[in-house]
Amino acid sequence: MAKNKRGKALWRTPSRARGTCPICGSTRIKLLYFGKSPAGDKLTVCKKCDGKQQAAV
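The rules behind these values
- Residues numbered from 1 in each chain as written.
- Predicted model: local features only at pLDDT ≥ 70, side-chain atom pairs only at ≥ 80, totals over all residues.
- Heavy atoms only, no water.
- Helix = DSSP H or I, 4+ residues; strand = E, 2+ residues; numbered from the N terminus.
- Buried < 20%, exposed > 50% of the residue type's maximum accessible area, 1.4 Å probe, protein only.
- Contact = heavy atoms within 4.5 Å.
- Areas by Shrake-Rupley, 256 points an atom, 1.4 Å probe, with all protein chains shown as cover.
- Core = buried A, V, L, I, M, F, W, Y, C linked by side-chain atoms within 4.5 Å.
- Phe/Tyr/Trp six-rings, centres within 6.5 Å; stacked < 30°, edge-to-face > 60°.
- Lys NZ or Arg CZ within 6 Å of the ring centre and 35° of its normal.
- Pairing = 2+ DSSP bridges.

Quick notes on the overall build of the chain
Each helix and strand counted, the chain has one helix and four strands in total. For the chain, the succession of helices and strands along the chain, N to C, is β-β-β-β-α. With the C-alpha coordinates of the chain rotated into their principal frame, the extents come out at 45 × 20 × 20 Å. Here the chain, with 57 residues, has 19% of them falling under the buried criterion. For the chain, the share of sequence-separated contacts (at least 6 apart) that also reach a separation of at least 24 residues comes to 10%. Of the roughly 4,900 Å² of accessible surface on the chain, a fraction of 55% belongs to carbon and sulfur atoms.

Points about the nonpolar core
Judged by nonpolar contacts, Cys21, Leu31, Val45, Cys46 and Cys49 together constitute the single largest core of five residues. Sequence-distant contacts of leucine 31, defined by excluding residues within four places in its chain, comprise Ala17, Gly19, Thr20, Cys21, Thr44, Val45 and Cys46.

Observations regarding the packing of aromatic side chains
The geometry of an aromatic ring pair is captured by two quantities: the separation of the ring centres and the angle between the planes. A complete count under the given rule lists zero aromatic pairs for this structure. The ring of phenylalanine 34 has lysine 42 lying over it, and the distance from NZ or CZ to the ring centre is 5.7 Å.

Quick notes on the pairing of strand β4 (residues 42–45)
Pairing analysis gives four bridges linking strand β3 (residues 33–36) to β4, with the strands arranged antiparallel. The residue bridging tyrosine 33 from the neighbouring strand is valine 45, located in β4.

Regarding unusual backbone geometry
Phi is positive for arginine 16, which is not a glycine, with a value near 60°. Residue placement: arginine 16 occurs in the segment before β1 (18–19). Taking relative accessible area as the criterion, arginine 16 reaches 39% and is therefore assigned partly exposed. Here alanine 17, not a glycine, exhibits a phi torsion of approximately 65°, which is positive. Residue classification places alanine 17 among the buried residues on the basis of a relative accessible area of 11%.

Just geometry here; none of it tells us what the structure is for.
As structure tokens, this is what we get:
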């Protein structure tokens, strides 16, 4: 059976949750994870950078 609701929440977010990652600079990538900048600000980051932050902690 098809999974009709998979990813539906992404359509409600601005620009479909895509943008440029503030850490690695990748463009048109999904920014679904929350991270912190060195200054302590909240950022939305890509999956790769979320893994880097988890490993650093």
